[in-house]
Amino acid sequence: MSPTMSATVPPVPANAENRYEVTRADLPLSCPMPGMELWNSHPKVYLPIVDDDGESTCAYCGAHYVLRD
């Protein structure tokens, strides 16, 4: 295996969980998030988690995001 391949982080499966904890480093928040596999997902949407008092739910897949400080 080449050094480049061993340093690669495998993508997180999109829509694999119902609840995700995110931090301010993840803002602006989108679903699916960067680093998630997109082949089996929905179009990227941005979620207003800060305006939603720290919790947002994706209208496409129902994933619930909670902002942790």
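Nothing here was measured: the structure is a model prediction, and the numbers come from that model.

About the thresholds
- Residues numbered from 1 in each chain as written.
- Predicted model: local features only at pLDDT ≥ 70, side-chain atom pairs only at ≥ 80, totals over all residues.
- Heavy atoms only, no water.
- Salt bridge = Lys/Arg side-chain N within 4 Å of Asp/Glu carboxyl O.
- Buried < 20%, exposed > 50% of the residue type's maximum accessible area, 1.4 Å probe, protein only.
- Helix = DSSP H or I, 4+ residues; strand = E, 2+ residues; numbered from the N terminus.

1. What about the pattern of salt bridges?
Right, so step 1: Across all of its chains, the model carries two salt bridges by this definition.
Right, so step 2: Where Arg-19 meets Glu-21, a salt bridge forms, and the shortest distance between an N and an O atom there is 3.1 Å.
Right, so step 3: Accessibility expressed as a relative area gives 41% for Arg-19, which makes it partly exposed.
Right, so step 4: Here Glu-21 and Arg-68 are joined by a salt bridge, their closest N and O atoms 3.6 Å apart. A residue pair is termed long-range when its members are at least 10 positions apart, and Glu-21 in strand 1 (residues 19–22) and Arg-68 in the segment after strand 5 (64–67) qualify at 47 residues.
Right, so step 5: Of the residues examined, Glu-21 reaches a relative accessible area of 52% and is grouped as exposed.
Right, so step 6: It is possible to trace a salt-bridge network through shared partners that takes in Arg-19, Glu-21 and Arg-68.

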